[in-house]
Amino acid sequence: MSADSSPLPIPSDPDTLVRVSGVSKKFCLSLKKSLWYGLCDMGRELTGRRRGEHGGLRTKEFWAVNNVSFELKRGECLGLIGRNGAGKTTLLKMLNGLIKPDAGRIEMRGRVGALIALGAGFNPVLTGRENIYVNGSVLGLTKKEIDSKLDEIIDFAEIGEFIDTPVQNYSSGMAVRLGFAVAAVLIQPDILLLDEVLAVGDAAFRSKCYAAISDMMENAAVILVSHQMPTVTRICNRVILMGRGEKRFDGDPHEGADLYSRLFGTDEVKSRHLGTGEAEISGFQIRGREGCPIQRCAHGDEIVFAFQIEVDPRYQRFIISLSLNNRDGELVAHCHSKYNEIELCNTGRQMAVEIRIPRVELNPGTYAVNLVVFDDSNMRHLDWRLQLASLEVTGRYRGAGVVLWQADWGLNGPGLSPEDRVV
């Protein structure tokens, strides 16, 4: 596949399954101009000129993907990460041949399996069983070959009682399970393209997907688009971070995930000030062990949230709530004076407050800090600061949960000498 119609050279290295060279794709914000530009591009192709040979952007056009290059070999799993609109799915669609690049070349070797959209490739009117046979026939498999794999596909997808139900009646999770089962069992691709499919389904199904991807990677190359950094760092041995259609980073998954978190912290945290105005929070700082202001700490570090508050004298007692949200806006940590059984009394003057966290055991990533001063009923927001600051937690590894415990480990069993015991 390429931006022109000339035959593609076969990659010289037999283990190189994907080669992307300077690939770009532009879109237009205006539907009318987009239709006109499409007619112009078709005219160029009919007259033998290359599509988009002018190279620049026309009015209201923008680069969805801009000059991206990489190679992927057999046995590698590449993670494509970046914010919404960074160009990840557009790149995946070009790799799958769903849309054509405006510039550059894409070379693919072997059979391609793709799960880019829920239920992509399925006829919604047909049943799950019928769709399996249709997909197999398109791939050139005989009915006997499909028959031999049918039970394995149904078992993997865990939709046995719904296999003869039209796919349009499937939930999103059922459609993804069937699609992944077809890709893993029936297609057995040399190149597997996945777009956020591991975000759908329960833990048991995701476990099977991880195992299937691990097995396929022995003979295939995998490209995974995901916003879930624990998933990316777990199964990918390389990541490309994209931003505004361009490649910002290409390398180690943990370094890429750290950069992804830092970009979130600097670009997306925007403070909002709410509440009745009957209290005022000022001078907020996050301090490290030495008492110096910080914006970043290592996993396991001690930190202090320090600030001043002044509460309207009408309120003799008040409550403070501090919380952290992840980049998806989900609440991941909460500290509350009432729940900690701490009584805060109003002095009528400005007061200095310190909230000490002995060990930060959150997963590495960037978190938004929220701070609220309530009245004694825990209902009235006297001052409410949303996304007051950001805290970046660094660390080599990312767990699947919110908290990554640093535990004390012990190992002592039959046949182990005292010297072998680990504490």
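Conventions adopted
- Residues numbered from 1 in each chain as written.
- Predicted model: local features only at pLDDT ≥ 70, side-chain atom pairs only at ≥ 80, totals over all residues.
- Heavy atoms only, no water.
- Patch = residues over 30% accessible without salt bridge, like charges linked within 9 Å, V, L, I, M, F, W, Y side chains within 5 Å.
- Areas by Shrake-Rupley, 256 points an atom, 1.4 Å probe, with all protein chains shown as cover.
- Salt bridge = Lys/Arg side-chain N within 4 Å of Asp/Glu carboxyl O.
- Helix = DSSP H or I, 4+ residues; strand = E, 2+ residues; numbered from the N terminus.
- Buried < 20%, exposed > 50% of the residue type's maximum accessible area, 1.4 Å probe, protein only.
- Pairing = 2+ DSSP bridges.
- Contact = heavy atoms within 4.5 Å.
- Axes fitted to C-alpha atoms, helices over the stretch in contact; angles between N-to-C directions.
- Parallel < 35°, antiparallel > 145°, perpendicular 65-115°, else oblique.
- Left-handed = near helix turned anticlockwise from the far one by under 90°.
- Nonpolar A, V, L, I, M, F, W, Y, C, P; charged D, E, K, R; others polar.

Draft legend 1. How the structure looks around a nonpolar patch on the surface. On the surface, Phe27, Leu29 and Phe62 cluster together into a nonpolar patch covering about 290 Å² of accessible area. Relative to the helices and strands, Leu29 resides in the loop between strand S1 (16-28) and helix H1 (31-46). We classify Leu29 as exposed; its relative accessible area is 67%.

Draft legend 2. Molecular detail of the pairing of strand S7 (residues 221-225). Burial within S7 is extensive, with five of its five residues counted as buried. Of the two faces of S7, the one holding Ala221, Ile223 and Val225 and the one holding Val222 and Leu224 are both buried throughout. Here strand S3 (residues 77-81) pairs with S7 via four bridges, running parallel. Within the sheet, the bridge partner assigned to Cys77 lies in S7 and is Val222. Here strand S6 (residues 191-195) pairs with S7 via five bridges, running parallel.

Draft legend 3. Representation of the side chain of His299. Among the secondary structure elements, His299 is positioned in the loop between strand S12 (296-298) and strand S13 (303-311). If we skip the residues at most four places from it in the chain, His299 touches Val360, Glu361, Leu362, Val393, Thr394, Leu404 and Gln406.

Draft legend 4. A look at the packing of helix H3 (residues 128-138) against helix H4 (residues 143-157). One can describe the packing of H3 onto H4 by two numbers: an axis separation of 10 Å at closest approach and a directional angle of 135°. As judged from the angle between their axes, H3 and H4 are oblique. Seen along the crossing, H3 lies across H4 with a hand that is right-handed. Residue-level contacts link Arg129, Ile132, Tyr133, Gly136 and Ser137 of H3 to Lys143, Ile146, Asp147, Leu150 and Ile153 of H4. In the contact of H3 with H4, the residues fall into five nonpolar, two polar and three charged.

Draft legend 5. Examining the sheet that holds strand S4 (residues 103-108) more closely. Strands sit in the order S2-S1-S4 across an open sheet of three strands; the sheet is antiparallel. Single-partner strands in this sheet number two, and they are strand S2 (61-73) and S4. Taking the axes of each pair of neighbouring strands and ignoring which way they run, one obtains an average angle of 20° across the sheet.

Keep in mind these values describe shape, not function.
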